[in-house]
Amino acid sequence: MGKVTFSRGGIHPRDCKYARECAIEELPLPKTVYVSMVQHLGAPAKPLVAPGDSVKVGQVIAEPGGFISAFIHSPVSGTVKGIAPRKNLAGDPVMHVEIAVEGDEWDPAIDRSGDLVTDIPDDKALILGRIKACGVVGLGGATFPTHVKLSPPPGKVADCLIINGSECEPFLTSDYRIMIERPKEVVVGAAIMQKVLDGCHCVIGIEENKPEAIAAIRAAVAELGYPDIRVQVLRKRYPQGGEKQLIDAVLHRQVGSGGLPIDVGAVVQNVTTSFAVYEAVQKNKPLISNILTVTGDKIPAKLQHNYLFRIGVPLSFVMEQAGGIPDTAAKIVSGGPMMGKAVSNLDATTVKGTAAVLYLSEAATRRQKESHCIRCGKCADACPMGLEPFLLNRLYKAADLEALEKNAAQDCIECGCCLYSCPAHIPLLDHIRQAKGQVMGVIRARAAAAKAAAEAKKQ
Amino acid sequence: MDNKKYIVSPSPHIHADISTTSVMRDVIIALSPAAVVAILVYGWAELLVLLVSIVSCVLLEWAVTRWMMKRPSTVGDLSAVVTGLLLALNLPSAIPLWIVFIGAVVAICVAKLPFGGIGQNVFNPAITGRVFLLVSFPAQMTNWTPTPGFVPVPDAVSGATPLSLLKEALKGGSTIPQFLASNDFSMSSLLWDIGASAGELSAGALLIGFIYLLIRRVVKPWIPLSILGTMALISVVFHTVNPDIYTGPVFNIMTGGTLLGAFFMATDYVTSPMNVWGGVIFGVGIGLIDMMIRYFGAYPEGMSFAILLMNCTVPLLNRWFHQKKYGRT
Ligand code: SF4
Ligand code: SF4
């Protein structure tokens, strides 16, 4: 089959994958780690340890705080020093468990050997149980608990599992490294999820700019011989890795406004999540480590790395180990340049979903002065959701919530294509994000009122 | 860690290498082949018209924004240069320079700045300037005496563009074959169109510029295609019915301000619809109005009037046509 892509909008930023040739290195352990209780979408986890407890690598230290939440495990061995609020990336206080590192003693139940285990357990419930117990969450950005996503609600059936290997954000190379260094594990992970979803089709989507990854995954698929798994080459285009866009590209189906992928029979998981599922189910290894890329523009090759890091290591430690913050850096981003978050607190800790530490120079990142909209329509052309950002911007300024909802501000996926493309440098997404929040508030309030009215009627 | 302050702002953290200035620069580059051809053929006079027009537009924009509107000047975005260039390419080279200046005043101080400046005007400034001059100074605006150029040109027709000669002849009751015979020129010399206004001169130069804009993704082809398609269709029908009094499609597309208007003025971002289908309707409307003026109106051609009229419909077209949203029907 030829190359495919999503049907509307999108941009073609420069690749900038400078760290693609850097093999994954293991990041050394710091003296102290800080494990955040908010590492997933949904309710914060509840700590199960107390100061003074000694913990081993892989031991549970927090349990889910709700249905949509996840277990958290100790990434190191040592002594719990405290449980206290600490500033996250954005500078907001969040509960963290502080652990002083002593040695590196692992929970003996974890299989630490490098042997590939290809026999997949037959019991679906057992698989799901392991994925949940190991605290696996989506590592493609949203950090949605994986076991929840793999359990379609009653009446919904998945007919295609899409494994997202597009890595469409510029600069990022961690998914790429996983695909070329651990392709078999990724494929076994995909086969496990496929089994949980009752043997639906499975498509692994990879963008055309990663021929080595395509070859490696194809070879692994052929060698392992699981039925009904295929690799689909995607055209290079951002935001290909957005769930809605990927489903459109691979299945030519569109998820309705406010809907979920499962509504159109799709489940999307990232390649790194697939790797984490493999480790959880086949090796009993909880999600205590992940891969991150340290990279940036105008920085020397020796400062570029792909690290296997223990989750909870402070960002400042990562940057120190990587050779220090380059002088050219004007902005430090956790994640990719399109959707990552600017780091305001260098001592913030890494979390399950941390994918990159990105240094951007003044020239690359400085926002230009805003001028008048010239009605060029480039923002609308770029919007993968088919919205009209110039219009939403205007309606936001006029505080017209009704019109904002009618023009689907709530459908915005915050991909940033509009702001990226605007010649007048209007901060479109900054405003649309606000507008979206307000409209979502209205929609939620309306739903709550409708529910209350229905209940009042019943009584 | 050090105490250096890092920028903290929301995503996205990078931006395309594009600005209003870079877009305008591309339009200027695209118009330069046509300007060069015009200068070669019409010499110093044309050069002066271009200079006076551009310099007046830029100075007026600078002065009015700084001294009257009391806000930072916007001349840096080069949009005033584009307006000056387009206005000049719409004028005969023999026109007195003070009239050029009046055109610039109308374009910048009437059509553009009172609406709020770039992005907020309803009418295309250069066209507004041209139409104002056409109505106010009809004699000077239709004096197509070729000024001495830097390169020799064949077949110079003096006094009026063949288009207006033909119009006069048709109004006087003669047919196209009679007109050609009595004036002793062929259809092909009409197409070469010596004696036409500068910007209309070379279809080739305009086409090269337009292709450059397409490649640079500055404009999309829908508006020009629907203008030219509509004009071709109407011409084919009328010309087939009565070739004696209705000119054919090639003639109508290659003469007058058709190409300059379709490629560069109807595609002005600010004064054209943003949506593809809105753009198609806009283009069809322009083609229709221009052909009606050519066949039945008082003027030999009506590209400027057509664009100006359709400019009025843009706010409505923008309200009616929205692009298809993902996942919604
Ligand atoms: S950020 Fe929102 S409005 Fe802007 S292009 Fe992306 S989806 Fe469209
Ligand atoms: S890209 Fe910017 S200038 Fe162009 S229409 Fe959108 S908001 Fe206006």
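About the cut-offs
- Position numbers for residues count from 1 along each chain, tracking the sequence in the order it is written.
- Chains and ligands are labelled by the order in which they are written, letters from A for the one and numbers from 1 for the other.
- In view of the model being predicted, local features appear only for residues whose pLDDT reaches at least 70, and side-chain atom pairs are presented and counted only at 80 or more, with totals across whole chains, interfaces and linings using the full set of residues.
- With hydrogens and water excluded, all non-hydrogen atoms of the structure serve as input to the side-chain values.
- Salt bridges are identified by distance alone: a Lys or Arg side-chain nitrogen within 4 Å of an Asp or Glu carboxyl oxygen.
- Put simply, DSSP H or I for four residues or longer makes a helix, DSSP E for two residues or longer makes a strand, and each gets a number counted from the N terminus.
- The cut-offs for exposure are 20% and 50% of the maximum accessible area for each residue type, with area from a 1.4 Å probe on protein chains only; residues under the lower value are buried, those over the upper are exposed, and the others partly exposed.
- We call a residue near a molecule or strand whenever a single non-hydrogen atom of that residue lies within 4 Å of it.
- Nonpolar residues are Ala, Val, Leu, Ile, Met, Phe, Trp, Tyr, Cys and Pro. Charged residues are Asp, Glu, Lys and Arg, and all others, Gly as well, are polar.
- Note that the domain bounds reflect an automated or database-derived domain assignment.
- Contacts are assigned to residue pairs with any non-hydrogen atoms lying within 4.5 Å of each other.
- Polar contact is the term for a pair of N or O atoms within 3.5 Å; when the atoms are in protein, one must be able to donate a hydrogen and the other to accept it, and sequence-neighboring residues count only if both atoms are side-chain atoms.
- As a per-residue measure, pLDDT reflects the predictor's confidence and takes values from 0 up to 100.

Caption draft 1: Focus on the pattern of salt bridges. With the rule as written, the count across this model stands at 26 salt bridges over all chains. Ionic pairing is found between Lys220 of chain B and Asp381 of chain A, a salt bridge with its closest N-O pair at 2.7 Å. Of this pair, Lys220 of chain B sits in the loop between helix H9 (203-215) and helix H10 (222-241) while Asp381 of chain A sits in helix H10 (residues 378-382), on two different chains. For Lys220 of chain B, a relative accessible area of 35% gives the class partly exposed.

Caption draft 2: Structural detail: the site of ligand 2. The local shell around ligand 2 holds 13 residues, among which Cys373, Cys376, Gly377, Cys379 and Cys422 of chain A are the closest. When the residues that make up the shell around ligand 2 are grouped by side-chain class, the tally is 11 nonpolar, one polar and one charged.

Caption draft 3: Inspection of the site of ligand 1 at higher detail. Residue and element names in this part refer to chain A. Around ligand 1, the surrounding shell holds 13 residues, and the nearest of these are Cys383, Cys412, Cys415, Gly416 and Cys418. Only helix H13 (417-421) and helix H14 (428-458) provide two or more residues apiece to the shell around ligand 1. Of the residues contributing to the shell around ligand 1, the split by class is 11 nonpolar, one polar and one charged.

Caption draft 4: Spatial organisation of the domain arrangement of chain B. Residues and elements named next belong to chain B. Considered domain by domain, chain B is made up of domain 1 (20-141) and domain 2 (162-195 + 220-320). Just the C-alpha atoms count here: the centres of domain 1 and domain 2 sit 23 Å apart. At the junction of the two partners, domain 1 supplies 18 residues and domain 2 supplies 17 residues. In this structure, the connection of domain 1 to domain 2 is made through zero salt bridges. Linking domain 1 with domain 2 are three residue pairs in polar contact (both at pLDDT 80 or more), by the criterion used here. Sorting the residues of the side of domain 1 that touches domain 2 by element identifies helix H1 (20-68), helix H2 (79-89) and helix H4 (125-136) as the ones contributing at least two each. Ranked by the residues each element gives to the side of domain 1 that touches domain 2, the list is headed by H4, at five residues.

Caption draft 5: Examining the confidence of the model for chain B more closely. Residues and elements named next belong to chain B. Per-residue confidence for chain B averages 85 on the pLDDT scale, and 90% of its residues sit at or above 70. Low confidence marks residues 155-160, where pLDDT is under 50. Its contacts with residues over four positions away, or in another chain, come to 15 contacts. The ipTM value of the predicted complex is 0.88, and its pTM value is 0.89.

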